[in-house]
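Notes for the structure review
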Amino acid sequence: MRSQRVSWQRRFQYKFDNFMSKGGWAVFLALVLGFILAFSLMGVVRYLSDLVFPNGYIRADDSLTGPVDSGELMWEVLVQLMGLRDSADDANFAARAVGVLTIFVGLILFSSLVAFITQEFETRVQQLKKGKSLVVEENHTLILGFNDRLVDIIEELVIANESENDAVVVILSSEDKEEMDDFLRMKLGNLQTTRIVTRNGSITNIKNLHQVSITKARSVIILNDAKGSDPEEYKSLADSRVIKAILAIVAATSEVNQDPPPIVVELHANQYRRLAEQVAPGKVTTLNSADILARIMVQTSRCIGLSKVYLNLVGFRGHEFYFYQPEAGWQGLSFGELPFHFLGTVPLGVSSANGTLQLNPPTTYKMLASDKAVVLAEDDSAIRFESQAVMQPKLFDKSSLEKIRPLEFERHQIIGWSEKSLTALTEYAKYLGNGSEVCLVVGELTQDIQAACDQVAETYPKVIINIKEVNLVAIDLGCLKPYEYNSITILAGQGENSEEIDARTLTLLLELRQLCRNYTAKTGNPVTTELIAEIINSEDTELVIKAGVKDFILSTQFVSKILAQVSQEPEVMQIFQDMFSAEGSELYLKPFSLYIPDDQIVQGVTFGDCVAAAQSRNELAIGVAIAEDFSKPEKNFGIKLALDLTTTIHLTPQDLLITLAEDQT
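Computed from a predicted model, the values in this text were never measured in an experiment.

1. Some details on the side chain of Thr 204
By secondary structure assignment, the location of Thr 204 is in the loop between strand S3 (194-200) and helix H7 (206-211). Polar side-chain contacts of Thr 204 include one of 3.0 Å to the side chain of Ser 202. In this structure, Thr 204 is in contact with Arg 241, Lys 244, Ala 245 and Ala 248, ignoring residues within four places of it in sequence.

Now the structure itself:
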């Protein structure tokens, strides 16, 4: 079969179409080429017209000149093509006809070129608005994802970057760039020295990661799309997406033979946390927010005020953890001597060269040259190690000091079931003595909940685990009998948004508080039950305080602060894990009467005296809590950390010493 011959016109049309389909530059070049060809063609036509029909110009003496030179003629053709000038009034008919034709051709070509440039400019602006352009930054913090933790994370990073002249936080998310920018402008205040750059794209796409300069990032925070209240299937899907993002980061950096930057991620399932740490060993730090929050809630329920101390220890606002090692070495000091060689800095523990960490080690421990001290300070610039002790503390008579007897029997209640509930039950079982009780209140008792509680009860038979199925939206919650418990912890439930979840929590708080008031009015017996609530939105803090709650956990803000801090210093995660666990030393707020006689407290003592008094009980003092300011956010709820050792503080018997200790007694 003979092939059909294709005409040159069709071949030209085919090649032209292919060329034009390449987009912007091809169209621009075609228009410029068309303009040049039109200019050349109309220049030739005009020149021939002047040869055939000479176009003379009248002088002042009425004599005619010859035809204009070629340079002047071509200039006239050019300005006519551009539509800047028509034919001269004294031009002949032929010149005017060619001029009109030139202007008409120019109107088509030049207008098309101007329209194309305008369209390309608008397209470019639209592309910028969509967030598809390249990010040319170095040493920036990269955040992958967009959720309710983002604002708190950025606020912490802004504080961390105060000492930098030009710090950058880059956000890559599938959200629309304009919507992200509008949201951040509305939620964020003064960014000081930090710039925010947003880009639209998939966090698992290698090309998108290169667009946000993944290979030059200082650290990466990957946000999890799922909340703790979401169904397990959705949380599993969100965890898988985080794992895929880690793989994409590793692949993108390996293309340039580079190790990935430190990566901090929040994952819900243990299996995904193990997998994430295996993908990039030593580079990925995983966070189990539910586990951390549950542990803090249990500790807080047994030591009211502790959550506010923890809120001062996470993030960059206030005091932070640092790993410090003096250039001249530790000069043979023991850990017990170490606190008296710092001002405004409190040593908390020791990080050994092999990577082990010990908080509140024995005072007799001799510091090795390779050891780093874990210290609490307001800023790294405030850490000053003195070769000589800065003070000599007083020694007090211990014979008159009060002694705390541990509670042999405790009753605690947890309202709500979430991924934090099982961890909370387990932590209670570790802390509580024989015969103590933990009551779990749920809206619907399922087989899974019953099985989980039975497992805890079987593992820790010394603690009684009870379950109550109660309609939590009922008007009368009298069956809960809140006045019979040492503490009641309300976990955040499910809802469309944080406002809806917090509204339900506040409703429960008010109902429980009223039940306690009614009991006191009826029996005359004061209620000592402590109410603890998990709050999602930090803006609801004042409402919680007015509801009579002495302690609360700002879950979103708390986790965001940890993510931000660990992204800048991954080793800090080890401190949090150690401090939040039941093993080893934990934070406590204890009355000063355990350490210093009441008459000395009123007269005034230095913080160095408090440190020495705590050491006599094998504890580590890190600050004080002023009782009269417990409900005053503007005074940081009375929490004062890492005071100057030589500062004299006037206290009352109601004030508390914040210590790192083995137990509550």
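There's more to say after this.
2. Describing the packing of aromatic side chains
As enumerated under the stated definition, the model contains ten aromatic pairs in all. On the basis of an interplanar angle of 75° and a centroid distance of 5.0 Å, the ring pair of Tyr 310 and Phe 580 is categorised as edge-to-face. Of this pair, Tyr 310 sits in helix H11 (residues 306-313) while Phe 580 sits in helix H17 (residues 572-580), and the two are 270 residues apart along the sequence. Phe 580 shares its class with Tyr 310; the two are buried. With 5.4 Å between their ring centres and 85° between their planes, Trp 330 and Phe 385 make a pair best called edge-to-face. Residue Trp 330 is located in the loop between strand S7 (320-324) and strand S8 (345-351), and its partner Phe 385 is located in the loop between strand S10 (372-377) and strand S11 (411-415); the two are separated by 55 residues in the primary sequence. Taken as a pair, Trp 330 and Phe 385 share a single burial class, namely buried. Taken together through their ring pairs, the aromatic side chains of Tyr 310, Phe 321, Phe 558, Phe 576 and Phe 580 make up a single cluster. Taking NZ or CZ as reference, Lys 308 lies 5.3 Å from the ring centre of Phe 637, over its face. Across the ring face of Tyr 595, the terminal group of Arg 617 is positioned such that the distance to the ring centre comes to 5.1 Å.

3. Structural notes on the confidence of the model for the protein
For the protein, per-residue confidence averages 81 on the pLDDT scale, and 79% of positions sit at 70 or higher. A low-confidence stretch, residues 57-64 (pLDDT under 50), is modelled with eleven contacts involving residues beyond four sequence positions or located in other chains.

4. With respect to the pattern of salt bridges
Two side chains of opposite charge can pair, provided their charged atoms sit close to one another. Going through the model one piece at a time under the given rule, you end up with 21 salt bridges. Across the pair Arg 295 and Asp 291 runs a salt bridge, and its minimum N-O distance is 2.8 Å. With Arg 295 and Asp 291 both in helix H10 (residues 289-302), this residue pair falls four residues apart, about one helical turn. Assigned by exposure class, Arg 295 and Asp 291 land together as buried. When the shortest N-O distance is used, the salt bridge between Glu 427 and Lys 430 registers 3.5 Å. Here the residue Glu 427 and the residue Lys 430 both occupy positions in helix H12 (residues 421-431), the gap between them amounting to three residues, near one helical turn. Among the charged side chains, a salt-bridge network with shared partners connects Asp 291, Arg 295, Glu 427 and Lys 430.

5. Quick notes on the sheet that holds strand S5 (residues 263-266)
Across the sheet, which stays open at both edges, the six strands sit in the order S3-S2-S1-S4-S5-S6 with parallel pairing between neighbours. Each edge of the open sheet is held by one strand with a lone partner, namely S3 and strand S6 (284-287). Taken over all neighbouring pairs, the strand axes of this sheet differ in orientation by 20° on average, direction set aside. Sheet topology note: the S5/S6 ladder contains four bridges and is parallel.

6. Focus on the state of the cysteines
Under the definition given, this model contains zero disulfides. Of all cysteine sulfurs in the structure, the one in Cys 479 sits closest to Cys 439, which takes part in no disulfide; the separation is 9.5 Å. Residue Cys 439 is classed as buried on the basis of its relative accessible area of 0%.

7. Quick word on the sheet that holds strand S19 (residues 620-625)
With antiparallel pairing, the four strands of this open sheet are ordered in space as S17-S22-S19-S20. Only two strands of the sheet have a single partner each, and these edge strands are strand S17 (586-591) and strand S20 (639-641). Across the sheet, the mean angle from the axis of one strand to that of its neighbour is 30°, orientation sign disregarded. In the sheet, S19 pairs with strand S22 (residues 656-661) via five bridges, with the strands oriented antiparallel. When the bridges of S22 are listed, Gly 623 appears paired with Ile 658. Helix H19 (residues 607-615) contacts S19 and S22 of the sheet and is inclined by roughly 130° relative to S19.

8. Remarks on the pairing of S10
In terms of burial, S10 is largely enclosed, as five of its six residues are buried. Here S7 runs beside S10; their pairing, made up of five bridges, is antiparallel. Residue pairing for S10: Tyr 324 is matched across the bridge by Ala 373. Here S8 pairs with S10 via six bridges, running antiparallel. By the bridge assignment for S10, Thr 345 is matched with Ala 377.

9. Brief notes about unusual backbone geometry
Despite not being glycine, Asn 618 shows a phi value in the positive range, around 60°. Residue classification places Asn 618 among the exposed positions, given a relative accessible area of 58%. If you check the backbone angles, Ala 642 has positive phi at about 45° while not being a glycine. Note that Ala 642 resides in the loop between S20 and strand S21 (648-649). Overall, Ala 642 belongs to the buried group, its relative accessible area being 6%.

10. Notes on helix H6 (residues 177-187)
Along H6, the positions that sit buried rather than exposed are Lys 177, Met 180, Asp 181 and Leu 184. Taken down its axis, H6 places every buried residue within 95° of arc, on the same side. Seen from the buried face of H6, the exposed residues on the opposite side, beyond 90 degrees, are Glu 179 and Met 186. For H6, the N-terminal capping position is held by Asp 176, with its side-chain oxygen 3.1 Å away from the main-chain nitrogen of Glu 178.

11. Overview of the packing of H10 against H17
The interhelical angle for the contact between H10 and H17, taken along N-to-C directions, is 40°, at an axis separation of 10 Å. With respect to each other, H10 and H17 are oriented oblique. The handedness of the crossing between H10 and H17 is left-handed. Touching Ile 292, Arg 295, Ile 296 and Gln 299 of H10 are Met 573, Met 579 and Phe 580, all from H17. Residues that form the contact of H10 with H17 fall into these classes: five nonpolar, one polar and one charged.

12. Re the packing of H11 against helix H16 (residues 555-568)
How two helices pack is summed up by the angle between their axes together with the distance between the axes. One way to put it is that H11 packs onto H16 with a least axis distance of 10 Å and a crossing angle of 30°. For the element pair H11 / H16, the angle class is roughly parallel. When you trace H11 past H16, the crossing you get is left-handed. Contacts between H11 and H16 involve Tyr 310, Leu 311 and Leu 313 from the former and Gln 557, Phe 558, Lys 561 and Gln 565 from the latter.

Reading the values: the criteria
- Residues numbered from 1 in each chain as written.
- Predicted model: local features only at pLDDT ≥ 70, side-chain atom pairs only at ≥ 80, totals over all residues.
- Heavy atoms only, no water.
- Helix = DSSP H or I, 4+ residues; strand = E, 2+ residues; numbered from the N terminus.
- Polar contact = N/O pair within 3.5 Å; in protein donor to acceptor, adjacent residues only side chain to side chain.
- Contact = heavy atoms within 4.5 Å.
- Phe/Tyr/Trp six-rings, centres within 6.5 Å; stacked < 30°, edge-to-face > 60°.
- Buried < 20%, exposed > 50% of the residue type's maximum accessible area, 1.4 Å probe, protein only.
- Lys NZ or Arg CZ within 6 Å of the ring centre and 35° of its normal.
- pLDDT = per-residue confidence, 0-100.
- Salt bridge = Lys/Arg side-chain N within 4 Å of Asp/Glu carboxyl O.
- Pairing = 2+ DSSP bridges.
- Axes fitted to C-alpha atoms, helices over the stretch in contact; angles between N-to-C directions.
- Disulfide = S-S within 2.5 Å.
- Arc of directions from axis to C-beta.
- Parallel < 35°, antiparallel > 145°, perpendicular 65-115°, else oblique.
- Left-handed = near helix turned anticlockwise from the far one by under 90°.
- Nonpolar A, V, L, I, M, F, W, Y, C, P; charged D, E, K, R; others polar.

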